[in-house]
Amino acid sequence: MSGPSSIAPGFVPPPRPPRLPLEQWVERVRAGDRNALSRAITLMESTRPADRIEAQRFLDRIMPDTGRAYRIGLTGTPGAGKSTLIESWGQMLINRGHKVAVLAVDPSSWRSGGSLLGDKTRMPGLAASPHAYIRPSPSARTLGGVGAKTRETLLLCEAAGFDVVVVETVGVGQSEAVVAELTDTLVVLLIAGAGDSLQGIKRGVLELADVLVINKADGDNLSRARQAAAQLRAAVKLLHPPPADADNISDRPGADGVWLPPVLTLSAATGTGLDEFWATLQHHRHYLNQQGRLEKLRAGQAVRWMWSMVREGLNQYLQNHPRARQVAHQVEVEVEQGRLTPNAAATAILAAAGLTP
Ligand SMILES: Nc1nc2c(ncn2[C@@H]2O[C@H](COP(=O)(O)OP(=O)(O)OP(=O)(O)O)[C@@H](O)[C@H]2O)c(=O)[nH]1
Ligand SMILES: [Mg+2]
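Residues numbered from 1 in each chain as written. Chains lettered and ligands numbered in written order. Predicted model: local features only at pLDDT ≥ 70, side-chain atom pairs only at ≥ 80, totals over all residues. Heavy atoms only, no water.

Chemist: Which residues make up the pairing of strand β2 (residues 100–105), and what values go with them?
Modeler: Of all 6 residues in β2, 6 are buried, a share of seventy percent or more. Where burial is concerned, the two faces of β2 agree: the one with Val 100, Val 102 and Ala 104 and the one with Ala 101, Leu 103 and Val 105 are both buried. Relative to strand β3 (residues 132–135), β2 is paired through 4 bridges, and the arrangement is parallel. Across the sheet, residue Val 102 finds its bridge partner in β3, namely Ile 134. For β2 and strand β4 (residues 164–170), the ladder comprises 6 bridges, and the chain directions are parallel. (Buried < 20%, exposed > 50% of the residue type's maximum accessible area, 1.4 Å probe, protein only. Helix = DSSP H or I, 4+ residues; strand = E, 2+ residues; numbered from the N terminus. Pairing = 2+ DSSP bridges.)

Chemist: How would you sum up the packing of helix α1 (residues 22–30) against helix α2 (residues 34–45)? Please name residues and give values.
Modeler: Here α1 crosses α2 at 120 degrees, and the two axes come no closer than 8 Å. In terms of orientation, α1 and α2 fall into the oblique class. Handedness of the crossing formed by α1 with α2: left-handed. In this structure, α1 contributes Trp 25, Arg 28 and Val 29 to the contact, and α2 contributes Ala 36, Leu 37, Arg 39, Ala 40 and Leu 43. Counted by class, the contact of α1 with α2 contains 6 nonpolar, no polar and 2 charged residues. (Axes fitted to C-alpha atoms, helices over the stretch in contact; angles between N-to-C directions. Parallel < 35°, antiparallel > 145°, perpendicular 65-115°, else oblique. Left-handed = near helix turned anticlockwise from the far one by under 90°. Contact = heavy atoms within 4.5 Å. Nonpolar A, V, L, I, M, F, W, Y, C, P; charged D, E, K, R; others polar.)

Chemist: Tell me what's going on with the packing of aromatic side chains, and back it up with residues and numbers.
Modeler: The full count for this structure, using the stated rule, is 6 aromatic pairs. Plain terms: the ring middles of Trp 25 and Phe 58 are 5.1 Å apart, the flat faces sit at 85 degrees to each other, and that makes the pair edge-to-face. On the criterion of sequence distance, the pair formed by Trp 25 in helix α1 and Phe 58 in helix α3 (residues 49–62) is long-range, its members being 33 residues apart. Assigned by exposure class, Trp 25 and Phe 58 land together as buried. Judged by centre distance (6.3 Å) and plane angle (40 degrees), the rings of Tyr 70 and Trp 278 are tilted. Residue Tyr 70 is found in strand β1 (residues 70–76), and its partner Trp 278 is found in helix α10 (residues 274–289); the two are separated by 208 residues along the sequence. When sorted by exposure, Tyr 70 lands in the same class as Trp 278, which is buried. Three or more aromatic residues joined by ring pairs make a cluster, and in this case those are Tyr 70, Trp 89, Phe 277 and Trp 278. The ring of Phe 162 carries the charged tip of Lys 99 above its face, separated from the ring centre by 4.5 Å. (Phe/Tyr/Trp six-rings, centres within 6.5 Å; stacked < 30°, edge-to-face > 60°. Lys NZ or Arg CZ within 6 Å of the ring centre and 35° of its normal.)

Chemist: Before we move on, could you go through the packing of α1 against α3 and cite the residues and values that matter?
Modeler: Look at α1 against α3: their axes get within 10 Å of each other, and the N-to-C directions meet at 50 degrees. The orientation of α1 with respect to α3, classified from their angle, is oblique. α3 is crossed by α1, and the crossing has right-handed handedness. Residues Leu 22, Glu 23, Trp 25, Val 26, Val 29 and Arg 30 of α1 form the contact with α3, whose participating residues are Glu 54, Arg 57, Phe 58, Arg 61 and Ile 62. Partitioned by chemical class, the residues of the contact of α1 with α3 number 6 nonpolar, no polar and 5 charged.

Chemist: Lay out the site of ligand 1 in plain terms, naming residues and giving numbers.
Modeler: Lining the immediate environment of ligand 1, one finds 15 residues, of which Lys 82, Thr 84, Arg 122, Lys 216 and Asp 218 sit closest. Ser 83 is positioned such that a nitrogen or oxygen atom in its backbone is 2.9 Å from an oxygen atom of ligand 1. Here an oxygen atom of ligand 1 sits 3.0 Å away from a polar atom, N or O, in the main chain of Ala 269. About the coverage of ligand 1: the protein hides 69% of its 650 Å² of free accessible area. With 3 residues, helix α4 (residues 82–95) is the largest single contributor of residues to the shell around ligand 1. (Near = heavy atom within 4 Å. Polar contact = N/O pair within 3.5 Å; in protein donor to acceptor, adjacent residues only side chain to side chain. Areas by Shrake-Rupley, 256 points an atom, 1.4 Å probe, with all protein chains shown as cover.)

Following this line, the structure appears as structure tokens:
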């Protein structure tokens, strides 16, 4: 948990060093300079109009260096072991020569401004590694939404040479859907429940998952974890029935051109099952690399991102439009009191902003 700020009263933060010219700054990020990367991410998170323009230029410049990482989403209920898994798995990846970035989409920060994810104290080994980069989620709701900021951060990390990017989120609210839109493979981390092992997992999340993992399969918990995995496998099969034209569907995911999300057990604490976990992810990546699936997936994500930016821009436009705001203020009351239909009110607001067809 991020504790209260311990900054002493009267503390004056040192002035920020001046920014580098864009071209030089981009070069430093490309060269893997972490300081330049951190400052570029801060630029992406800025809501100042001048910064937004600079951020856009920055992104345009690095675009050719993006797209090469394996983008992995990791979601799981609080306490499922996400940080513990990222710590052990991340170090395993680094030992195998990868450069790992960990980003967070934190639904709680949309309202409270607090950020629990990407907490470096829970990943001390990874945080200390020069081959890892951990970035907690933006601490406030920013222009374009947290998802958009994370996407821009992800692109920067790719440009800086990180070849595995993990986007972490707590499995509450809509954040899994946001993470699924940013990544190639979505891993859902679960723990065996007390009674019904599928408690706490929503159907929508099961449908989004590419790989399901029951964590804490160790000690006294091992048999319960295996039982939960068996039940989950049955549930996954029900959710993903084989296509009508497949006559010999096998249990191997991807074997018939259909990905049946595998269910694994592992112990993030002891490291048992980590090898199989990584092998399974690579298997999914291989599956995506066939028949243009990855290009198709990312193309769809890019188009949906574009439209979400359009919606965001329209919202911003409406909020900054004095006449539309004034009309909105009036009609909201009328809708509340049932004197005006929501449709008519929406038309009135849009018309006030000059947005009616
Ligand atoms: N026995 C056992 N305990 C584990 C394992 N993985 C995590 N834990 C413990 O479970 C607790 C929660 O682990 P975290 O890694 O902090 O879980 P998290 O999903 O990051 O939690 P939040 O960040 O709060 O959402 C800690 O006390 C861990 O030590 C595991 O594989 N086995
Ligand atoms: Mg955590």
